[in-house]
Amino acid sequence: MVRKSFLSYNKTIWGPLELVEKLYPEAEEIGASVRDLPGLKTPLGRARAWLRLALMQKKMADYLRCLIIQRDLLSEFYEYHALMMEEEGAVIVGLLVGLNVIDANLCVKGEDLDSQVGVIDFSMYLKNEEDIGNKERNVQIAAILDQKNYVEELNRQLNSTVSSLHSRVDSLEKSNTKLIEELAIAKNNIIKLQEENHQLRSENKLILMKTQQHLEVTKVDVETELQTYKHSRQGLDEMYNEARRQLRDESQLRQDVENELAVQVSMKHEIELAMKLLEKDIHEKQDTLIGLRQQLEEVKAINIEMYQKLQGSEDGLKEKNEIIARLEEKTNKITAAMRQLEQSDNDLLTQTRTIAMSLVKCASSDTQDQYKLVKDISF
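Residues numbered from 1 in each chain as written. Predicted model: local features only at pLDDT ≥ 70, side-chain atom pairs only at ≥ 80, totals over all residues. Heavy atoms only, no water.

Q: Which residues make up the overall build of the protein, and what values do they have?
A: A count of helical and extended segments in the protein gives eight helices and zero strands. The order of helices and strands in the protein, counted from the N terminus, is α-α-α-α-α-α-α-α. Buried residues in the protein amount to 18% of all 379 residues. Taking the contacts inside the protein whose residues are at least 6 apart along the sequence as the reference set, 68% of them involve residues at least 24 apart. By element, 57% of the accessible surface of the protein is carried by carbon and sulfur atoms, the whole surface being about 30400 Å². (Helix = DSSP H or I, 4+ residues; strand = E, 2+ residues; numbered from the N terminus. Buried < 20%, exposed > 50% of the residue type's maximum accessible area, 1.4 Å probe, protein only. Contact = heavy atoms within 4.5 Å. Areas by Shrake-Rupley, 256 points an atom, 1.4 Å probe, with all protein chains shown as cover.)

In structure tokens, the structure reads:
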């Protein structure tokens, strides 16, 4: 009879459990959690952690069912006569469904899942025909085994604590040696610093004495310079007050000159405006003279025409002579008026020109004097 095994002799259980992630996407979370757990170094420890998480999720049967269905993939991990490759594998997976009724709360972090679990001896718990009637002996043996298990567990915990204490003692010894070395170095540094401090104190005393002597000498010099500065400052204050007074007077004089200059400039603008008005009036009178001359020429033309008509008509000679006399009289009056207007315009023009020239000369002479006065004040 061929002996059936769960795994091949040269394979580990972590291989097919990793394959579950590809077949069942919900198992990716378990695989990632197992890989992130610290302290797991062997595939056996990762497989144990994976099985505990699957039990807590109540999906152990579902995950293994995926493996049973894909037997062609399991041939890489199992021999042909292995339990997972036989029909009994499906039966075992069906029996694992009953584990879903149990609310498992297993510890994963901090557990030593990589080490091999000790062999539990169940021979003491098995019933024998000779020991059926000896119940008291069985009770004593069970108590002894419980005590033995308790002592072994306690021993294991003590061994682990002793090993951790040994490691801590080694680390403390190393740190102690380092601290002793650092303490020796610090003592040497303290001695050197004390010597330097003593030397610096002596140098500081010498520097303090020199600085005190220098301060006394500088104090005497400062007092003498302060007295000379007070005397010189009194004379400078008097000179400053005098210069300030002169500056105030000259600024007042300059302000008066600037005001007079502004008045002269305004008068000059008024004269220029009056000249422009006079020129405008002259142009208007010249326009009126041109109009009167045109009227005179028209009258002359009419007179000539009437005179020609007078020669052609003898009947209206007397009337035309009277008209001509009237016209001649009007023309004489108009010519006399024109001459008077021309004479008055010429007189007015000469008078305005002489007045303007005199005003311009006066204004220019005043402005030159004022500019000279302002320049003298500024200098």
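Q: I'd like a rundown of the packing of helix α1 (residues 14–23) against helix α3 (residues 43–57), residues and numbers included.
A: For the pair α1 and α3, interaxial distance at closest approach is 9 Å and the crossing angle is 50°. In this view, α1 runs oblique relative to α3, as classed from their interaxial angle. Once α1 is placed against α3, the crossing between them reads as left-handed. Contact with α1, carried on its side by W14, L17 and V20, involves P43, R46, A47 and W50 of α3 and no other residues of that element. (Axes fitted to C-alpha atoms, helices over the stretch in contact; angles between N-to-C directions. Parallel < 35°, antiparallel > 145°, perpendicular 65-115°, else oblique. Left-handed = near helix turned anticlockwise from the far one by under 90°.)

Q: Residues and numbers for α1, please.
A: Counting buried residues in α1 gives seven out of 10 residues, a clear majority hidden from the surface. Among the residues of α1, those classed as buried are W14, G15, P16, L17, L19, V20 and E21. In this fold, the buried residues of α1 make contact with α2 (28–36), α3, α4 (60–69) and α5 (71–74).

Q: Kindly report on the pattern of salt bridges, identifying the contributing residues and their values.
A: Tallied over the full model, the rule gives eight salt bridges. As a salt-bridge pair, R35 and E18 come within 3.8 Å of each other at their nearest N and O atoms. You can see R35 sitting in helix α2 and its partner E18 sitting in helix α1, a full 17 residues away along the chain. Of the residues examined, R35 reaches a relative accessible area of 42% and is grouped as partly exposed. Overall, E18 belongs to the partly exposed group, its relative accessible area being 32%. Residues K333 and E329 are paired through a salt bridge, measuring 3.8 Å at the closest nitrogen-oxygen approach. With K333 and E329 both in helix α8 (residues 317–378) and four residues apart, the pair spans about one turn of that helix. The class of K333 is exposed, set by a relative accessible area of 54%. What emerges from the salt-bridge pattern is a single network uniting E18, E21 and R35. (Salt bridge = Lys/Arg side-chain N within 4 Å of Asp/Glu carboxyl O.)

Q: Requested: an account of the packing of aromatic side chains, with residues and values cited.
A: Per the counting criterion, the structure on display carries two aromatic pairs. Relative to Y63, the ring of Y24 lies with its centre 5.2 Å away and its plane at 75°, an arrangement referred to as edge-to-face. Of this pair, Y24 sits in the loop between α1 and α2 while Y63 sits in helix α4; the two residues are 39 residues apart in sequence, bridging distant segments of the chain. Ring plane angle 45° and centroid distance 5.5 Å describe the contact between W50 and Y63, whose orientation is recorded as tilted. With W50 in helix α3 and Y63 in helix α4, this residue pair connects regions lying 13 residues apart in the sequence. (Phe/Tyr/Trp six-rings, centres within 6.5 Å; stacked < 30°, edge-to-face > 60°.)

Q: Mind laying out unusual backbone geometry, listing which residues take part and the relevant values?
A: One non-glycine residue, K58, lies in the positive phi region at around 65°. Secondary-structure assignment places K58 in the loop between α3 and α4.

Q: Describe the packing of α1 against α4, naming the residues involved and giving the relevant values.
A: The geometry of α1 relative to α4 is characterised by a closest axis approach of 10 Å and an angle of 90° between their N-to-C directions. In terms of orientation, α1 and α4 fall into the roughly perpendicular class. Side by side, α1 and α4 meet where P16, L19, V20 and L23 of the first sit next to Y63, C66 and L67 of the second. Split into classes, the residues belonging to the contact of α1 with α4 amount to seven nonpolar, no polar and no charged. (Nonpolar A, V, L, I, M, F, W, Y, C, P; charged D, E, K, R; others polar.)

Q: Let's hear about the nonpolar core: which residues, and what values?
A: Formed by 31 residues in total, the largest nonpolar core has its most connected members in V34, A49, W50, Y63 and Y78. It is α4 that contributes the most residues to this core, six residues altogether. Residues contacting W50, with those up to four places away along its chain left out, are W14, L17, V20, I30, G31, V34 and Y63. (Core = buried A, V, L, I, M, F, W, Y, C linked by side-chain atoms within 4.5 Å.)

Q: Any chance you could break down α3 for me, citing the residues and the numbers?
A: For α3, with 15 residues, the first-to-last C-alpha span of 21 Å sits near the 21 Å given by 1.5 Å per residue. Of the residues making up α3, those classed as buried are G45, A47, R48, A49, W50, L53 and A54. Of the surrounding secondary structure, the elements contacted by the buried residues of α3 are α1, α2 and α4. After α3 finishes, the residue K58 shows a positive phi value of roughly 65°. (Expected span 1.5 Å × (residues − 1).)

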